[in-house]
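# Reading the structure
Spelled out, the chains give:
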Amino acid sequence: MLVAVALAALAADIVSKIIVVSTLQDRAPVRLLGGLLTLRETRNSGAAFSIGTGYTIVFTLIACGVVVAILRTARNLRSAPWAVCLGLLLGGAIGNLIDRLLRAPAPLKGHVVDWIQLPHWPVFNLADSAIVCGGVLAVLLAARGLQVDGTRLKDEGSGADETPDSDEGPEAETSSGKGEAAAEGRATERAAAGEPEGEAEVPAPEEKS
């Protein structure tokens, strides 16, 4: 599932960038939905949403580290929601990383193609959207306590504080039952001997020589 989501996000990003470069490069922006959505081809040397321009090499190395970290985490993956989350992050990171490696002006310094613009929002692309959606999903899964291996944090210590009381109950009842039976037996013996109830046994006096 992780590979499928990553490939889908990567394919959508690559195809959309090819179409945008071939149709919108050096052309006027296309306004849609009354200006709510604008298609504009721009080049971004920074991170997602045009953040940190001028640090292209740094962001390229960070993207490489993110890809390696996701691939290592995938070895312990046992959760479908986390597979979708990591797949979005992986596909988006690789999509922008390809631009930085292959596009002008130079390898490791390539500028990312951005083309989606919303009012009062920086221009971005589908890879940026995949990264943001994966990040939001990761926060939600972590807040719910769901781990990458499919376990939940609240289930790990559920039986640690439970103290078994079943062993003490039968022993106490057995002891009390034995005590009551012994007391009834002594009362029966005194009644057979003609002794009144509640009268304590008085030892016979010793004979003096």
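Fair warning: this is a prediction, and the values are worked out from it, not measured in the lab.

## Notes on the overall build of the chain
- Per the secondary structure count, the chain includes six helices and three strands.
- If you list the helices and strands of the chain from N to C, you get α-β-β-α-α-β-α-α-α.
- Looking at the chain as a whole, 29% of its 209 residues are labelled buried.
- Sequence-distant contacts, at least 24 apart, represent 63% of the contacts inside the chain between residues at least 6 apart.

## So, the environment of S16
- Here S16 lies in helix α1 (residues 2-24).
- Once you skip the residues sitting within four places of it in the chain, S16 turns out to touch W115 and L126.

## Some thoughts on the nonpolar core
- Counting residues in each nonpolar core, the largest one holds 15 residues, and the members touching the most others are L2, L77, W82, C85, L86, L90 and L141.
- Among the secondary structure elements, those contributing two or more residues to this core are α1, α2 (56-73), α3 (80-102) and α4 (126-143).
- Broken down by element, the residue count for this core peaks at six residues, all from α3.
- The contacts of C85, once residues within four sequence positions are left out, are G134, L137, A138 and L141.
- L39, V113, W115 and I116 belong to the second largest nonpolar core, which has eight residues in total.

## Describing the pairing of strand β2 (residues 37-44)
- Two elements, strand β1 (residues 30-32) and β2, share three bridges in a ladder whose sense is antiparallel. Bridge assignment links R31 to a residue of β2, and that residue is T38.
- Counted between consecutive antiparallel strands, the loop separating β1 from β2 contains four residues, among which L33 sits at a positive phi close to 55 degrees.
- Both β2 and strand β3 (residues 112-117) contribute to a ladder of five bridges, which runs antiparallel. When the bridges of β3 are listed, T42 appears paired with D114.

## Notes on the pattern of salt bridges
- Counted under the stated rule, the structure contains four salt bridges.
- Between E41 and R43 there is a salt bridge, and its shortest N-O distance comes to 2.7 Å.
- Salt-bridge contacts for R103 lead to D99; the nearest nitrogen and oxygen are separated by 2.9 Å.
- Owing to a relative accessible area of 23%, R103 belongs among the partly exposed residues under this scheme.
- Salt bridges sharing common partners tie together D13, K17, D99 and R103.

## Some details on the environment of K109
- Mapped onto the fold, K109 is located in the loop between α3 and β3.
- On the accessibility criterion, K109 (41% relative accessible area) is partly exposed.
- K109 sits 53 residues away from T56 along the chain, and the two C-alpha atoms are 5.4 Å apart.
- Non-local contacts of K109, meaning those with residues more than four positions away in its chain, are made with T56, I57, R100 and A104.

Each value, and the rule that gives it
Residues numbered from 1 in each chain as written. Predicted model: local features only at pLDDT ≥ 70, side-chain atom pairs only at ≥ 80, totals over all residues. Heavy atoms only, no water. Helix = DSSP H or I, 4+ residues; strand = E, 2+ residues; numbered from the N terminus. Buried < 20%, exposed > 50% of the residue type's maximum accessible area, 1.4 Å probe, protein only. Contact = heavy atoms within 4.5 Å. Core = buried A, V, L, I, M, F, W, Y, C linked by side-chain atoms within 4.5 Å. Pairing = 2+ DSSP bridges. Salt bridge = Lys/Arg side-chain N within 4 Å of Asp/Glu carboxyl O.

Nothing here speaks to function; it is all geometry.
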